[in-house]
Amino acid sequence: MSETIREGALVLADGSVFEGELIGAGTDGSIATGEVVFNTVMSGYQEVITDPSYAGQIITFTYPHIGNYGINAADFESRGTFCRGIVVRDLARRHSNFRAESDLGSMLAQQGVPGIAGIDTRRLTRLIRATGALPGAFGNVPEAELLAAAKAEPGTDGIDLVSTVTTPQNYTVEAADLNSRVQIVAMDFGMKTNIVNNLVQLGRLDVVRADTSAADILARNPHGVFLSNGPGDPTMSPYAIEAIRGLIGNVPIFGICLGHQLLGHAIGASTVKLPFGHHGGNHPVQNLLTSKVEITSQNHNFAVDPDSLSGIAEMTHINLNDGVCEGLQVNGEQAFSVQHHPEANPGPHDANYLFGQFADIIAANTAPTNQKAGI
């Protein structure tokens, strides 16, 4: 990692200025812009940076020391990186871990991700919590240019970010059990690698583009359809909402994160944008069906409006921090979803049972007739 110091600054759209040191990709005169959000994980920075759900956003890590255990190829959560940049208090100058293959600074440079270190991330986080997520810009150009760039940044509202992160081509992953007869189709809105790893434990997996129609999905004769995580505003993916609407009632559906929000729209519910979203690995969620509390991994700025579910779905999970809808079950249908990440990479695995719940629904549907009848 180069020891050359490149002074720079982060400027938010409200005029707030944070001085620091540029790291990662970027050259003199370049400006990185995006919607500035904060993530509270204390480890798993590589998985966060490679999560496609951060498309259009600059990630601020609240944990002060980032990069201390390096990076490795096995922990990439996608084919690359889609975030606009990262903000850290202190980037580790040396890493130490037996799995490490390189350092975080080198990875940022190789992946084209600009960053800025030495920032007072505590002050920045408190500001975002008070005012909500703000557009920002950083680089080593005059502050007036950074402020203008921040004000010109549209953020994540009203933009179709899913089309920028979905798989370029459909692909198939064979089941972990080669004798499995279960066929699952996953709609890729920005799906993470560890979600694929969980789904292939259930059966053969076809991953399809976000703009795939319901007819094309049903033609694959799936036993279940998975709606993945993804970035941005769910109302900007009407093609996905239409497809999901055509799947409801024809096949079991399990959605997470953006997939949860899209399922909500497909049944007639609405979504709202949260002030600063949920980004981290320590969000307490109560399962309203069992009363159990789970610590969950989350990454979203939009959420389903619980009041809009009346008469069409039951809210199954609730965020104990702010009462946000964390899960729903469509009335009379085999379709359910959660706002959090049950695969939890990074994060706790309290909600991993949801993949088993999906598997149980599929198994009940594929059981022989006499077994279904209890004979």
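Small disclaimer: the values here were computed from a predicted structure and weren't measured. (Residues numbered from 1 in each chain as written. Predicted model: local features only at pLDDT ≥ 70, side-chain atom pairs only at ≥ 80, totals over all residues. Heavy atoms only, no water.)

Chemist: With reference to specific residues and values, describe the pattern of salt bridges.
Modeler: Side chains bearing opposite charge may pair, as long as their charged atoms lie close to each other. In this structure the tally under the stated criterion is 10 salt bridges. We note a salt bridge from Glu21 to Arg93, for which the minimum N-O separation is 2.9 Å. You can see Glu21 sitting in strand 2 (residues 17-24) and its partner Arg93 sitting in the loop between strand 7 (90-91) and helix 2 (104-111), a full 72 residues away along the chain. On the accessibility criterion, Glu21 (16% relative accessible area) is buried. (Salt bridge = Lys/Arg side-chain N within 4 Å of Asp/Glu carboxyl O. Helix = DSSP H or I, 4+ residues; strand = E, 2+ residues; numbered from the N terminus. Buried < 20%, exposed > 50% of the residue type's maximum accessible area, 1.4 Å probe, protein only.)

Chemist: Could you give an account of the environment of Val87, naming the residues involved and the relevant values?
Modeler: Here Val87 lies in strand 6 (residues 85-87). For Val87, a relative accessible area of 0% translates into the label buried. Distance from Val87 to Tyr353, taken between C-alpha atoms, is 33 Å for residues 266 residues apart in sequence. Setting aside anything within four residues of it in sequence, one finds Val87 in contact with Leu10, Ile58, Ile59, Thr60, Phe61, Ile116, Ile119, Thr121 and Leu124. (Contact = heavy atoms within 4.5 Å.)

Chemist: Any details on unusual backbone geometry? Residues and values, ideally.
Modeler: Glycine aside, residues mostly have negative phi, and peptide bonds are mostly found in the trans state. Going from Asn345 to Pro346, the amide bond is cis rather than trans, its omega being 5°. Relative to the helices and strands, Pro346 resides in the loop between strand 19 (335-338) and helix 10 (353-366). For Asn221, which is not glycine, the phi dihedral falls at a positive 55°. Considering the arrangement of structural elements, one finds Asn221 in the loop between helix 7 (214-218) and strand 13 (224-227). Even without being glycine, Ala344 reaches a positive phi, approximately 50°. Of note, Ala344 is situated in the loop between strand 19 and helix 10.

Chemist: Explain the pairing of strand 13 residue by residue, including any values.
Modeler: By the alternation rule, side chains of strand 13 split into Gly224 and Phe226 and Val225 and Leu227, which are all buried. Of the strand pairs in this sheet, strand 11 (residues 183-187) and strand 13 are connected by 4 bridges, and their pairing is parallel. If you follow Met187 over to strand 13, its bridge partner there is Leu227. Examined bridge by bridge, strand 13 and strand 14 (residues 253-256) share 3 bridges and lie parallel to one another. Looking at strand 14, one finds that Val225 is bridged to Ile253. Regarding the hand of the β-α-β motif, the stretch spanning strand 13, helix 8 (residues 238-247) and strand 14 is right-handed. (Pairing = 2+ DSSP bridges. Right-handed = clockwise from strand over helix to strand, strands pointing away.)

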